[in-house]
Amino acid sequence: MRVIDIIEKKRDGCELTAEEIDFFIQGYTRGDIPDYQAAAWLMAVYLRGMSERETRDLTLAMARSGDMLDLSDVAPLVADKHSSGGIGDKVTLVVAPIVAACGVPVGKMTGRGLGFTGGTVDKLESIPGFRTDLSPQEFKAQLARIGIVITGQSENLAPADRKLYALRDVTGTVSSLPLIVSSIMSKKLAGGATAILLDVKVGSGAFMKTVEDASRLAEAMVRLGRELGRRVGALVSDMNQPLGWTVGNALEVQEAINVLHEDGPPDLREHCLVVAAEMLALAGRVADSTEGVELAAQAIADGSAWRKFRALITAQGGDVRFVDEPDRLPRAPITEPIPAPTDGYLQKVDAAQVGMAVVDLGGGREKKGDLIDHSVGVVVHYKVGDRVQKGTPLCTIHASDRVRLERAKARLLEAHTIGPEPVPPLPLFYKKIPQQ
């Protein structure tokens, strides 16, 4: 079998066999196939697409390129969730403890932030001592012991995806539907979860810009999950403004803690209850999402979700004093409100630019490997549709120095559109794709 033949076959619009896909993926993972040939193959897939069968075979080949966790000896069913990325998305910090407190084990390997999206690993590393580098053996042992684990992705978990994603990022092939589906689902398969809820974001702060495109992605992943024997459902949720009030690592941890104490922003609380409910329904813990919302809300009200969160922090080496007293979390030395420049209604927010303002402050990465400042970030004070009064704080910036603050300030002012006409508030969710 020759790589050039596989490239030419896909270039000409023909379907690749499972053997050809596996040959390519394993060869590229080992380093036998150079980047220039892999780039050509990626562009052929981008232009010609893949059938559902090819996408399934690609997903399986990528999942099998490294370790595959088998969690069946820990629990008959393990739940996980995946967000396609967003601004202020601290949902995992709230939802995972809720679901685990309701008796469904949650095992999650998660990533770091890149570009304008924040990563769950980065947020958790705001807590001194918290380990995000658990081995597969530690992952399973903790899951068996306390029913919840959240750690960074193992170096040998779907290594083909890690290599291919880096190449897609520099070859203009990120937005290929089969490549997105296989990237997400290969990691989920390798991570061992059996019930997976996908939170697919849409809008200015998300990769998918239209509800139609986000729905196509969600439906493709749900179908694939079903074919591969997993329980998979999806939600298409809004990312045309930050979720909650805070954007930035330590700030988001504190906001998640607030929600677990029956406080925090109403939109974040509702979003978390809906996601938790869908996970509980997928796992068979409840009959439907309505019952799931009630059970999730009860876990917050009776304190069991908070206790599960504390158990997670303690189990992974975190200093629990920093969650019991979140004012101990990293604090930026400069805090400055940005006054609203005019009266009117908040008509639009460019959520990606809010995320990039946090990158400007040092709270995110422009490229992999960048160090981040956990203390910095932005607090927004208005949601789309709200009446804005001139001179009141539009946002509050938490910064480490004045130069970074001024750069973020300019970006944040540009990101907010205030006009005289009222506009309706944005929905939290646009669509639900149930397990098929």
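Explain the overall build of the chain to me, please; I cannot follow it from the model alone.
Counting secondary structure elements, the chain contains 17 helices and 13 strands. Against the globule reference of 22 Å for 436 residues, the chain gives a C-alpha radius of gyration of 22 Å, in line with a compact fold. Its C-alpha atoms give the chain principal-axis dimensions of roughly 65 × 45 × 40 Å. Expressed as a percentage of its 436 residues, the buried residues of the chain come to 57%. Put simply, 78% of the contacts in the chain that link residues at least 6 apart link residues at least 24 apart. Entry remark: accessible area of the chain is about 17,200 Å², with carbon and sulfur atoms responsible for 51%. Taken as two groups, the 51 positive and 57 negative side-chain charges of the chain have centres that lie 2 Å from each other.

Sorry if this is basic, but what is going on with the sheet that holds strand β7 (residues 334-339) here?
What holds strands together in a sheet is hydrogen bonding between their backbones, with the strands either parallel or antiparallel. Read across the sheet, 4 strands follow the order β6-β9-β11-β7 without closing on themselves; strand pairing throughout is antiparallel. For this open sheet the edge positions go to β6 (246-247) and β7, each flanked by a neighbour on one side alone. Pairing of β6 with strand β9 (residues 377-380), which is carried by 2 bridges, proceeds in the antiparallel orientation. Bridge pairing links T246 to V379 in β9. Contacting β6, β9 and β11 (393-399), helix α16 (residues 351-361) crosses the sheet at an angle of about 145° to β9. On the sheet, helix α17 (residues 402-415) packs against β7, β9 and β11 and is oriented at approximately 25° with respect to β7.

It is not clear to me how the nonpolar core should be interpreted in this structure. Could you clarify?
A general trend in soluble globular proteins is that nonpolar side chains are found buried together. Counting residues in each nonpolar core, the largest one holds 83 residues, and the members touching the most others are V95, I98, V99, I127, V323 and I397. Contact partners of I397, with chain neighbours within four places excluded, come to I334, T335, E336, I338, L361, G377, L405, A408, K409 and L412.

What is the right way to look at the side chain of T92 in this model?
Locating T92 in the fold gives a position in helix α5 (residues 91-101). Among the polar contacts made by the side chain of T92, one reaches the side chain of K81 at a distance of 3.0 Å. Each residue touching T92, except ones within four places of it in the same chain, is listed here: K81, P97, K108, T120 and I150.

When you look at the pairing of strand β4 (residues 195-202) in this model, what are you seeing that I'm missing?
Within a regular strand, side chains alternate between the sheet's two faces. Summarising burial for β4: 8 of the 8 residues are buried, a large majority. Alternating residues of β4 divide into A195, L197, D199 and K201 and I196, L198, V200 and V202, and every residue in both groups is buried. The pairing of strand β1 (residues 79-83) with β4 spans 5 bridges and is classified as parallel. When the bridges of β4 are listed, H82 appears paired with L198. Strand direction decides the pairing type here: β4 and strand β5 (residues 231-238), joined by 8 bridges, are parallel. Residue K201 lies in a different strand from β5, and its bridge partner there is S237.

Where do I start with the environment of Q298 in this structure?
In this fold, Q298 is placed in helix α13 (residues 289-301). C-alpha separation for the pair Q298 and D161, spaced 137 residues apart in sequence, amounts to 39 Å.

Is there a simple way to think about the pattern of salt bridges in this case?
Where charged atoms from two side chains of opposite charge approach closely, those side chains can pair. Per the counting criterion, the structure on display carries 32 salt bridges. Its salt-bridge partner being K90, residue E255 comes within 2.7 Å of it at the nearest N-O pair. Of this pair, E255 sits in helix α11 (residues 249-260) while K90 sits in the loop between β1 and α5; the two residues are 165 residues apart in sequence, bridging distant segments of the chain. The buried category is assigned to E255, whose relative accessible area is 4%. Judged by its relative accessible area of 1%, K90 is buried. Residue R328 is joined to E325 by a salt bridge in which the shortest nitrogen-to-oxygen separation is 3.4 Å. Looking at R328, the relative accessible area reads 37%, which means it is partly exposed.

Hey, could you run me through the packing of aromatic side chains in this one?
Here the structure, examined in full by the defined rule, presents 3 aromatic pairs. Arranged with centres 6.3 Å apart and planes meeting at 10°, the rings of F24 and Y28 form a pair that is stacked. Linking F24 with Y28, this pair stays in helix α2 (residues 18-30), spanning 4 residues, or about one helical turn. Under the relative-accessibility criterion, F24 is labelled buried at 0%. Cluster of aromatic residues (ring-pair linked, three or more members): F24, Y28 and W41. Lying across the ring of W245, K383 places its NZ or CZ 5.3 Å from the centre. Over the ring of Y345 we find R387; its NZ or CZ atom is 5.1 Å from the centre of that ring.

Looking at this structure, how should I read the sheet that holds strand β8 (residues 344-349)?
Taken together, 3 strands build an open sheet; the order of strands is β10-β8-β12 and the sheet is antiparallel. A strand with exactly one partner marks an edge of an open sheet, and here the two such strands are β10 (387-388) and β12 (416-419). Contacting β8 and β12, α17 runs over the sheet at an angle of about 45° to β12.

Honestly, α16 in this entry has me stumped. Any pointers?
Residues spaced three or four apart along an α-helix point in a common direction, a consequence of the helix completing one turn every 3.6 residues. The buried fraction of α16 is high, at 10 of 11 residues. Those residues of α16 hidden inside the fold are in contact with β6, β8, β9, β11, α17 and β12.

Conventions and cut-offs
Residues numbered from 1 in each chain as written. Predicted model: local features only at pLDDT ≥ 70, side-chain atom pairs only at ≥ 80, totals over all residues. Heavy atoms only, no water. Helix = DSSP H or I, 4+ residues; strand = E, 2+ residues; numbered from the N terminus. Rg over C-alpha atoms; globule rule 2.2 N^0.38 Å. Buried < 20%, exposed > 50% of the residue type's maximum accessible area, 1.4 Å probe, protein only. Contact = heavy atoms within 4.5 Å. Areas by Shrake-Rupley, 256 points an atom, 1.4 Å probe, with all protein chains shown as cover. Lys, Arg positive; Asp, Glu negative; His and termini not counted. Charge placed at Lys NZ, Arg CZ, Asp CG, Glu CD. Pairing = 2+ DSSP bridges. Axes fitted to C-alpha atoms, helices over the stretch in contact; angles between N-to-C directions. Core = buried A, V, L, I, M, F, W, Y, C linked by side-chain atoms within 4.5 Å. Polar contact = N/O pair within 3.5 Å; in protein donor to acceptor, adjacent residues only side chain to side chain. Salt bridge = Lys/Arg side-chain N within 4 Å of Asp/Glu carboxyl O. Phe/Tyr/Trp six-rings, centres within 6.5 Å; stacked < 30°, edge-to-face > 60°. Lys NZ or Arg CZ within 6 Å of the ring centre and 35° of its normal.

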